[in-house]
Amino acid sequence: MRATGGDGDRAAPPSLPRLAIVVAGTVLVVGALTAVPARLGGRRPVTEAMRD
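Every value quoted in this text rests on a predicted model; they were computed, and no experiment measured them.

1. A look at the overall build of the protein
And then number 1: A count of helices and strands for the protein gives two helices and zero strands.
And then number 2: Among the 52 residues that make up the protein, the fraction classed as buried is 0%.

Here it is in structure tokens:
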């Protein structure tokens, strides 16, 4: 994989499929990292959570 385009001094933009994979992967990772604390917090009683 080359980082530069035909000019040699300008970076080539990533291809659309590669960009889509990076965006989808980022969304999945962020979703997983936010779902775990939300799930754990959802199991606590509301009155206990409000006291903290």
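Past the structure itself, the notes keep going.
2. Points about the UniProt feature "transmembrane region" (unreviewed entry) in the protein
And then number 1: When the UniProt feature table is mapped onto this chain, "transmembrane region" (unreviewed entry) is found at residues 20–41.
And then number 2: The annotated region residues 20–41 carries 100% helix and 0% strand content, and the separation between its end C-alpha atoms amounts to 32 Å.

3. Here's the deal with a nonpolar patch on the surface
And then number 1: Together, Leu-16, Leu-19, Val-23 and Val-27 make up an exposed nonpolar region whose accessible area comes to about 390 Å².
And then number 2: Within the secondary structure, Val-27 sits in helix α1 (residues 16–42).
And then number 3: Note on Val-27: relative accessible area 55%, which makes it exposed.

About the cut-offs
- Residues numbered from 1 in each chain as written.
- Predicted model: local features only at pLDDT ≥ 70, side-chain atom pairs only at ≥ 80, totals over all residues.
- Heavy atoms only, no water.
- Helix = DSSP H or I, 4+ residues; strand = E, 2+ residues; numbered from the N terminus.
- Buried < 20%, exposed > 50% of the residue type's maximum accessible area, 1.4 Å probe, protein only.
- UniProt positions renumbered as here; feature names shortened; annotations may be inferred.
- Patch = residues over 30% accessible without salt bridge, like charges linked within 9 Å, V, L, I, M, F, W, Y side chains within 5 Å.
- Areas by Shrake-Rupley, 256 points an atom, 1.4 Å probe, with all protein chains shown as cover.
- Salt bridge = Lys/Arg side-chain N within 4 Å of Asp/Glu carboxyl O.

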